[in-house]
Structure formats: structure tokens, C-alpha cells
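Structural characterization, general
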Amino acid sequence: MNNLVIGQFVPGSGILYRMDPRTKILMTIVYVFLLVFANSWVTYLWSAIFLVAALLLTKQGLGLYWRGIKPILWLILFTVVLQLLFSGGTPVLFQWGAIKVTEPGLINAIYVIVRFVLIVLMSTILTITTPPTAIASAIESLLKPLKAIKVPVAELALMLSIALRFVPLLMGETDKIMKAQKSRGMSLSTGSLMKRAKAVIPLLVPLFVGALQRALDLANAMEVRGFESAEGRTRYRELSYGRDDTLAFVAIAVFAIGFLALSFIK
Amino acid sequence: MVINIEGLDFAYGAGKQTVPVLKNINLTFPEGQITAIIGQTGSGKSTLVQQLNALLKPTAGEVHIGDHTVTNKTKEKALTPIRAEVGMVFQFPESQLFAPTVIEDVMYGPKNFGATDEEAKQAAEKALAKVGFDTSLYDQSPFNLSGGQMRRVALAGVLAMNPQTMVFDEPAAGLDPQGQAELLDLLRTLRDEGKTIVLISHQMEQVLALANQVVVMKDGQVAAHEPVEELFARPQSWFADQHLDLPETIAFQKEMEKQGFVFDHLAKTVDDLAKQLAGQLDSAKLTGQRSDQAGSQAQTGGPHHE
């Protein structure tokens, strides 16, 4: 459970840690958006180079990123199999009964893997280098224009930061309940699929009950400390835009121009 | 069933980011005795007891649980039978309740270990009776009960598996005084039935009243492991170093010793303490004649009460 790297902040140092979280979020969005339009080996290669550069700048061990990819491996495999089997086209590389693997299918499958891994790693870099609270306040700041059309941005941001705050708590709680039920003989890894699905109930019920209780407690704790509205709250850490952010924007601009150029070369 | 820990090291995490918690632990938990584990929060008590039913596997070293041996390489499947032999009651165990009715929740453990519905029901009823749970509430939802009642149901959930060894992680935390007293009685009953009991506690009175032997944990290592009488005979300064308190009766005894009183054994209860004190005071004093020397007299010859 604690091996889950996605969404986890890992303390460290370097330019990616100093950057404004807003910059990092925007960069991630631009990167992922562009990646959707990647259509050739060179564009993927260009994206991969950019990603590796970012990876190295975090100064974290590669093992950490491997652990980030591992939990979603099956998801990647599943998509790959779908791509392989249902892409159609010619030439056919391999056929066994109704199962047919074609060259476009194979190429698509490889593209899908690369795209998946790049997107996941880029978001992992964002969360590894940015504490959840910083992400929440960055999102609030980025959404500010929506206030004009009466979107309760401050409330949304507060809800988000509370939700993020609850993630490690719930993970700890899950671990604890899992151990308690294991001590009573729970086994999630044996039996039929139906049996396994049923085996999760003793885990989920206490988890939900506990989460609701915690939510009530938190609501009360906020009320007694005079919480009325999320609007107009001040911050402990103000966001500030610096030289590192300018550098980052230059980097992402270079990446974007290069990417577009490469995708037209084809 | 004897549990024996040999050369155990344990660290959380994997790869580069490991957090060592336990270092070179060697311990034996004798059959039919109550072993208390005390120590500051963060000293590794909970991590240690989770080795006893193989919820955690040692990073290095071996844990012998009855006929089973757990090492770093033991397969997950081999661990489940151990949990039928070593019952684990976590801190605030009521947070593990899940079933729609009390009786079903208590039956969960026995059924997991292969009991039929009928057998599980019998075991559950027996366990609920043992914790003094009201028969009329068996079909209630556990979530409608009071905190104390929920604790009983959770305890029964582990008792129903009838494990040979039971581990309790601060079982009395948050209970009212009567609930605490009943819990201590339950632990005694279990010990008298021949069960091996491991108890984590911050309440030194509880440790003094129950434990045969005590393990003191400090920074992931065993700072002391000895019979309870020997432990509490250690000087006050030693306890201060471990950030631990002495039980009130013993703290009082030690203060009185500074005043020149001499006791022949550690007072386990207030009653015991009062009797020993009475023995120390000479009859002259008790009849109201003030004796100026009484305080400084090191009295050893007074009548000894048991």
C-alpha cells in the first residue's frame, strides 16, 4: 500500500523543487496535451528526452519511478493487448485462428506503451516534487478567472486540499484494518473472483465508516475554530514566480516548438 | 506455544529508502505467561508485536512461532495458519468491525479458518459470553453499540478463533475504569487457561498487576527483559532515562525508602502497600504517641505482612 508513488510527495532539492507549483502544473498540462498529438518515432523520442531531463533534475533514484510505474503495469498491458488484437489493417504479422496481429496494430501498441509511461512519469514528477498543499493552492490560483462566472473557486480548492490531506490518512487506516482482518484470517489472494470480491467487504466497510467519522470530526473542528467560508483566507506560504519559472517556461516553449516542427517533418 | 525471536532486524520500506525500526532483537515469550512490552511511543513496540503473528516479516533473523519459522523468505501463503495460533488485538480494535450483526462479525475469524457455520456460531457465542456481552444484543448492528460494547465485540472476534497466544496492543486505551478492570480480569482468566499473552501497555499499574515478565523497548532495541519484580526494583533514575513512569505504589515506596523506611517487597497494590506500611510503624506511633526518631529509624524488625 505504501509503495504507491503516484500522488506522493518526496522531499528533495533542485530547480524542480524551487519552481512555482503553478508553473509545474501548466508545464505538465502542456506536455500531456502535446503528447496526445505525437504521431511519429521522432516526436516520441523528443518527448522522452524532455522527460528524462526532468527526471534527472528531480535528483531522485530511478527505482522510485519504477515503483510508480509498477502498479499500473497491468493497465498498460491490457490496453496493449486491445491495441494488438483490434487494430486491423495490413500487413498481418501473425495469425492464430481469429486472433490476428497486424503491423499497424503492433506499432500502435508500442506508441500506447510509450505514451502511457511518459504521461504517468510526468505527473509523477509533478507530485513527487510538489507537496499536496502547494498543488491545491496552485489550482486555486489558476482557477481564479472562473470566479467571474460565480464558480466557488476557494471552496473547491479547500475541498481539494482536504481530500489530498486525507489520502495518507486513509492509506494508513487501510493498512491498519487490513492487518486486523488478516489477523482474523482474511485472504485476498485465494479463491474465485467472486470470493475475492466478497473478501474486500471487511476492509471497505470499516474504511468508509472511519472516513465518515473523520469527516464529521474535521467539520466540527473547523466550525469550532470559526470557519465560515473558504473565501478570503490567507496563506502560510504565498506562491511566487521567480527566475526558475522563467527558465522552465523557456524550456517548455523550446520543447513545444521542437515537437511541432518534428511532427510536421514526417 | 513458545514464541522465540532470534537476531531480528526490521526496517520499513524497500530499496534505498528504508527506515530501520528494530535492531538485533532476541526474545522468548514463555508459554502460559503474561509478557508486557513497555516503552515510549515510537520505540518499536507495535512493530515488534506484528512479527509475532507474521503480519511483518523480519528483514533479518528468525521468528519461531510454535512449529512455524518465519524469515525474510517465508511465502505469504505459509503465514495464514500462524494467525489462527496467534490472535492479535490492535489498538482501538472496534475500528475493524464490519458485519451487519454482532454475531456475524465475531463468526468471521473462525469461518476464515475453516469452521462450519454451526461451529463458528458456537465459538462466537462462547467468546461473547467470555467478554460479558449481553445476549440480547447479538443481532444488533455493531455500529449502534457504545464504545465499550464495540470493544467487547472486537475482542470476542479474536477470542472466537481460540488462539493459543494472544497479543494485545493497549487494549484498555479509552475504556472507563470499570471496563479497564474487567479487561484485566479477562487477561488473567486467559492466562489461567494456559494462554500465552503479550501485552503492550503505557499504564504501569496494569503492567505491575498482570505481567510475569517485562520487555522494555528503547529506540528499536531491548533495553531490559526481566521479571516484573526485578524491573521495578531498578532505581527511579533508570526509569527517567527510558522516559517511563513507575507505578504509583512503587514510586511512593521508593520515596518512603528515602525517608528511612525499609520494605521487604515491592507493593503490587494499594492494599499491599498499606499493610507493609502499617508493619513499619511501631505500635507506639499507632497509639498516637509521637516519636521523633521514628522517621530516621531504619526499621527492619517490624512484623512482616505478606
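Quick note: structure is the one above.
Procedures and definitions
- Residues numbered from 1 in each chain as written.
- Chains lettered and ligands numbered in written order.
- Predicted model: local features only at pLDDT ≥ 70, side-chain atom pairs only at ≥ 80, totals over all residues.
- Heavy atoms only, no water.
- 1 Å grid on protein atoms, 1.4 Å probe; cavity = no way out; pocket = protein on both sides within 12 Å on 5 of 7 lines; lining within 4 Å.
- Points joined across faces, edges and corners; volume = space filled by probe spheres on them.
- Helix = DSSP H or I, 4+ residues; strand = E, 2+ residues; numbered from the N terminus.
- Nonpolar A, V, L, I, M, F, W, Y, C, P; charged D, E, K, R; others polar.
- Domains from an automatic or database assignment.
- Pairing = 2+ DSSP bridges.
- Axes fitted to C-alpha atoms, helices over the stretch in contact; angles between N-to-C directions.
- Buried < 20%, exposed > 50% of the residue type's maximum accessible area, 1.4 Å probe, protein only.
- Lys, Arg positive; Asp, Glu negative; His and termini not counted.
- Salt bridge = Lys/Arg side-chain N within 4 Å of Asp/Glu carboxyl O.
- Polar contact = N/O pair within 3.5 Å; in protein donor to acceptor, adjacent residues only side chain to side chain.
- Contact = heavy atoms within 4.5 Å.
- Phe/Tyr/Trp six-rings, centres within 6.5 Å; stacked < 30°, edge-to-face > 60°.
- Lys NZ or Arg CZ within 6 Å of the ring centre and 35° of its normal.

1. Considering the layout of surface pockets
Residue and element names in this part refer to chain A.
- If you add up the space inside the largest pocket, you get close to 1,300 Å³.
- For the largest pocket, the lining is made up of 45 residues, of which Thr 133, Ser 137, Ser 161, Arg 235 and Tyr 236 are closest to its centre.
- Elements with a minimum of two residues in the lining of the largest pocket: helix H1 (15-18), helix H2 (21-36), helix H7 (132-143), helix H8 (153-183) and helix H10 (201-224).
- Examining the composition of the lining of the largest pocket, we find that eight residues originate from one element, H8, more than from any other.
- Counted by class, the lining of the largest pocket contains 19 nonpolar, ten polar and 16 charged residues.
- Counting residues domain by domain, the lining of the largest pocket receives three or more from each of domain 1 (1-152 + 238-266) and domain 2 (155-229).

2. A short note on the sheet that holds strand S2 (residues 19-29) of chain B
All names here are of chain B.
- Read from one edge of the open sheet, four strands run S2-S1-S4-S5, paired in antiparallel fashion. In this open sheet, the two strands that pair with only one neighbour each are S2 and strand S5 (68-70). In this sheet, neighbouring strand axes are inclined to one another by 25° on average, regardless of whether the strands run parallel or antiparallel.
- Here strand S4 (residues 60-65) runs beside S5; their pairing, made up of three bridges, is antiparallel. Among the inter-strand pairings, His 64 is bridged to a residue of S5, identified as Thr 69.

3. A short note on unusual backbone geometry
- Even without being glycine, Lys 150 of chain A reaches a positive phi, approximately 65°.
- The topology assignment puts Lys 150 of chain A in the loop between H7 and H8.
- Phi is positive for Asn 162 of chain B, which is not a glycine, with a value near 50°.
- If you trace the backbone, Asn 162 of chain B turns up in the loop between helix H5 (147-159) and strand S7 (165-169).
- The class for Asn 162 of chain B is exposed, based on a relative accessible area of 52%.

4. Here's the deal with the side chain of Lys 195 of chain B
All names here are of chain B.
- Position of Lys 195 relative to the elements: it lies in the loop between helix H6 (177-192) and strand S8 (196-200).
- Despite its burial, Lys 195 remains without a salt bridge, the nearest opposite charge being carried by Glu 193 at 4.6 Å.
- Looking at Lys 195, its side chain comes within polar contact range of the side chain of Asn 162, at 2.9 Å.
- From its side chain, Lys 195 meets the backbone oxygen of Pro 163 in a polar contact 3.2 Å long.
- Discounting chain neighbours no more than four positions away, the residues touching Lys 195 are Gly 32, Gln 33, Asn 162, Pro 163, Gln 164, Met 166 and Leu 190.

5. Focus: the packing of aromatic side chains
- The tally for this structure, following the rule as stated, stands at 16 aromatic pairs over all chains.
- Judged by centre distance (4.8 Å) and plane angle (35°), the ring pair of Tyr 44 of chain A and Tyr 111 of chain A falls under tilted. Of this pair, Tyr 44 of chain A sits in helix H3 (residues 41-58) while Tyr 111 of chain A sits in helix H6 (residues 103-129), and the two are 67 residues apart along the sequence. Pair check on accessibility: Tyr 44 of chain A and Tyr 111 of chain A agree, each one buried.
- Look at Phe 255 of chain A and Phe 259 of chain A: their rings are 5.8 Å apart centre to centre, the planes differ by 50°, and that puts the pair in the tilted class. Of this pair, Phe 255 of chain A and Phe 259 of chain A both sit in helix H11 (residues 243-265), four residues apart, which is roughly one turn of that helix. Residue Phe 255 of chain A shares its accessibility class with Phe 259 of chain A, and that shared class is buried.
- Taken together, the aromatic side chains of Tyr 31, Trp 46, Phe 50, Phe 255 and Phe 259 of chain A make up a single cluster linked through ring pairs.
- Over the face of the ring belonging to Trp 238 of chain B we find Arg 234 of chain B, whose NZ or CZ atom lies 4.2 Å from the ring centre.

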